[in-house]
Amino acid sequence: MPIANCLITQECSQGSGNLIELWANESGISSKHMTINIVSSSEQLGNKYKIMANLSLPSMWSTSDISSLQIGLAKALSQYFAFAINEVHVITNIVTSGMVVESGQEIKW
């Protein structure tokens, strides 16, 4: 259940290729349960990034998998939108078991 919610500035044009597959390839992890939501930001104040992503991951992932997923996401977004990697910011949030509801049921791992 890697889910990335990505805010992009209006300078980001539609990328080419399959962003989910780019993420899977860059992270070395299956795309089976990956989700990316792209939301265009109308304004950004303070420290500016072209792309800001909030990545939610279940607590069952190992430290090395978490690292692979967040770095892979940053690289995939950089490639997809054709911006330098320093224009991409990723924050990872770890979700504990039971804190997800899918199809009306709490998901536990």
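Residues numbered from 1 in each chain as written. Predicted model: local features only at pLDDT ≥ 70, side-chain atom pairs only at ≥ 80, totals over all residues. Heavy atoms only, no water.

Side note on the nonpolar core
By size, the foremost hydrophobic cluster in this structure holds 26 residues, and its most contacted members are Trp23, Ile51, Leu69, Leu73, Leu77 and Phe81. For this core, the secondary-structure elements that each account for two or more residues are strand S1 (3–8), helix H1 (19–27), strand S3 (51–58) and helix H2 (63–81). The element best represented in this core is H2, accounting for eight residues. Apart from the residues within four sequence positions on either side, phenylalanine 81 is in contact with Ile8, Cys12, Ser13, Gly15, Ile38 and Ile51. (Core = buried A, V, L, I, M, F, W, Y, C linked by side-chain atoms within 4.5 Å. Buried < 20%, exposed > 50% of the residue type's maximum accessible area, 1.4 Å probe, protein only. Helix = DSSP H or I, 4+ residues; strand = E, 2+ residues; numbered from the N terminus. Contact = heavy atoms within 4.5 Å.)

Things to note about the confidence of the model for the protein chain
Confidence in the prediction for the protein chain averages 94 pLDDT; 100% of positions are at 70 or higher. Within the protein chain, strand S5 (residues 100–102) has the poorest average pLDDT of any element, 93, and strand S4 (residues 88–95) the best, 98. (pLDDT = per-residue confidence, 0-100.)

Brief notes about the side chain of serine 27
Position of serine 27 among the secondary structure elements: in helix H1. A distance of 3.3 Å separates the side chain of serine 27 from the backbone nitrogen of isoleucine 29, its partner in a polar contact. Dropping the residues within four chain positions of it, serine 27 is found in contact with Met34, Ser68, Leu69 and Gly72. (Polar contact = N/O pair within 3.5 Å; in protein donor to acceptor, adjacent residues only side chain to side chain.)

Brief notes about the pattern of salt bridges
Tallied over the entire structure, the rule returns two salt bridges. The salt bridge partner of glutamate 11 is lysine 50, with a shortest N-O separation of 2.6 Å. Separated by 39 residues along the polypeptide, glutamate 11 in the loop between S1 and H1 and lysine 50 in the loop between strand S2 (35–40) and S3 bring together distant segments of the chain. The buried category is assigned to lysine 50, whose relative accessible area is 17%. Between lysine 108 and glutamate 106 there is a salt bridge, with the nearest N and O atoms lying 3.6 Å from each other. (Salt bridge = Lys/Arg side-chain N within 4 Å of Asp/Glu carboxyl O.)

With respect to unusual backbone geometry
Even without glycine at this site, alanine 82 takes up a positive phi of about 60°. Looking at the element boundaries, alanine 82 is found in the loop between H2 and S4. Alanine 82 sits in the exposed class, given a relative accessible area of 67%. In this model, serine 103 sits at a positive phi of 55°, which is unusual for a non-glycine residue. Inspection of the secondary structure assignment puts serine 103 in the loop between S5 and strand S6 (105–107).

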